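Listed below, chain by chain, are the residues.
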Amino acid sequence: MSILPIIKYPNPILKTSCEPLRQELPGVKQLIKDMQDTLISHPFCVGLAAPQVGTLLRIVVIDCSRSRKPCQPHGNLVLLNPVITQREGELVMREGCLSLPDYTGNVKRAVSVIVEGLDNDAIPKKIVAEGFEAVVLQHEIDHLDGILFLDRISSLKTDVFRRKNY
Ligand code: NI
């Protein structure tokens, strides 16, 4: 079990677009395991993207069943090369990020999404998610394109909040 250090803003790694996985690379299975261990080492953390642990590959791990927010989560998800193929509706939700530990922000997202990608065994997977889990998917997939929730804030004056403790 390895808990990986989290890359924090303003490290330029977080602004870099990640490469898709085109073949099974050595070490990727272990990286995914380490990402999952890292995720569960942070209370209430529901998602982590590979660039947050310093690897510029299109991998996210998500587990919204760890949150107390109401939703019907898929539980533990590993997605390689995830792509949002459909989005519907609009909502604003307060978001946080391990890479921006001192802030939260109100971010406008789609209410529901369909995400297609590969699972841990490189088997194609299609996730239909809504509400909180849909927001988490959008947040984590943004990380793969070098986008942080701060980049999606409409007003830095009224939509960003300083956290007292994480
Ligand atoms: Ni994040």
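Refer to the structure above for everything that follows.
Residues numbered from 1 in each chain as written. Predicted model: local features only at pLDDT ≥ 70, side-chain atom pairs only at ≥ 80, totals over all residues. Heavy atoms only, no water.

So what exactly am I meant to see when it comes to the sheet that holds strand S4 (residues 91-95) here?
Strands in a sheet are paired, the pairing made by backbone hydrogen bonds, and the direction either parallel or antiparallel. Spatial ordering of the open sheet is given by S4-S5-S8, a layout of three strands whose pairing is antiparallel. In this open sheet, the two edge strands, each paired with only one partner strand, are S4 and strand S8 (160-162). When the angles between neighbouring strand axes are averaged without regard to direction, this sheet yields 20 degrees. Where strand S5 (residues 103-109) and S8 come together, three bridges link them in antiparallel fashion. Paired with Gly 105 across the strands is Val 160, a residue of S8. Across the sheet, helix H2 (residues 132-144) is in contact with S4 and S5; its angle to S4 comes to roughly 70 degrees. (Pairing = 2+ DSSP bridges. Helix = DSSP H or I, 4+ residues; strand = E, 2+ residues; numbered from the N terminus. Axes fitted to C-alpha atoms, helices over the stretch in contact; angles between N-to-C directions. Contact = heavy atoms within 4.5 Å.)

Please clarify how the pattern of salt bridges should be interpreted in this entry.
Between side chains of opposite charge, a pair can form as their charged atoms come close. Counted by the stated rule, this structure contains nine salt bridges. Glu 95 is the partner of Arg 109 in a salt bridge, and the nearest nitrogen-oxygen pair spans 2.8 Å. Of the two residues, Arg 109 is situated in strand S5 and Glu 95 in strand S4; the sequence distance between them amounts to 14 residues. Accessibility classification places Arg 109 together with Glu 95 in one group, the buried group. When the shortest N-O distance is used, the salt bridge between Arg 109 and Asp 142 registers 2.8 Å. Here Arg 109, found in strand S5, pairs with Asp 142, found in helix H2; they are 33 residues apart in sequence, far enough to count as distant. Judged by relative accessible area, which is 5%, Arg 109 ranks as buried. (Salt bridge = Lys/Arg side-chain N within 4 Å of Asp/Glu carboxyl O. Buried < 20%, exposed > 50% of the residue type's maximum accessible area, 1.4 Å probe, protein only.)

Mind showing me how you'd approach the nonpolar core here?
Generally speaking, nonpolar side chains in soluble globular proteins are found buried as a group. In this structure, Ile 62, Val 113, Val 115, Ile 127 and Leu 137 are the most contacted members of the largest nonpolar core, which totals 23 residues. Elements supplying a minimum of two residues to this core: strand S2 (59-63), strand S3 (76-88), S4, strand S6 (112-118), strand S7 (124-130) and H2. Considering every element that reaches this core, the biggest residue donor is H2, with seven residues. Once residues within four sequence positions are removed from consideration, Ile 127 is found in contact with His 74, Leu 77, Leu 79, Val 113, Ile 114, Val 115 and Leu 137. Within the second largest apolar cluster, 18 residues are counted, among which are Ile 6, Leu 48, Leu 57 and Val 78. (Core = buried A, V, L, I, M, F, W, Y, C linked by side-chain atoms within 4.5 Å.)

Where do I start with unusual backbone geometry in this structure?
Residues other than glycine predominantly adopt negative phi, and peptide bonds predominantly adopt the trans conformation. Between Tyr 9 and the following residue, Pro 10, the backbone shows a cis peptide bond with an omega angle of 10 degrees. Inspection of the secondary structure puts Pro 10 in the segment before helix H1 (28-41). We note that Phe 44 has phi near 70 degrees; this positive angle belongs to a residue other than glycine. Here Phe 44 lies in the loop between H1 and strand S1 (47-49). A positive phi angle, near 50 degrees, is found at Asn 81, a position not held by glycine. Relative to the helices and strands, Asn 81 resides in strand S3.

Whenever I open this one, the environment of Leu 156 confuses me. Can you help?
Within the element layout of this structure, Leu 156 appears in the loop between H2 and S8. On the basis of relative accessible area, Leu 156 is assigned to the exposed category, the value being 64%. Sequence separation between Leu 156 and Gly 105 is 51 residues, and the spatial gap between their C-alpha atoms is 8.7 Å.

How should the packing of aromatic side chains be read in this particular structure?
Where two aromatic rings form a pair, the distance of their centres and the angle of their planes describe that pair. Considering all chains together, one arrives at zero aromatic pairs under this definition. One residue, Arg 94, lies across the ring of Phe 161, its end atom 3.6 Å from the ring centre. (Phe/Tyr/Trp six-rings, centres within 6.5 Å; stacked < 30°, edge-to-face > 60°. Lys NZ or Arg CZ within 6 Å of the ring centre and 35° of its normal.)

From the geometry alone we can't say anything about function, so treat these as descriptive.
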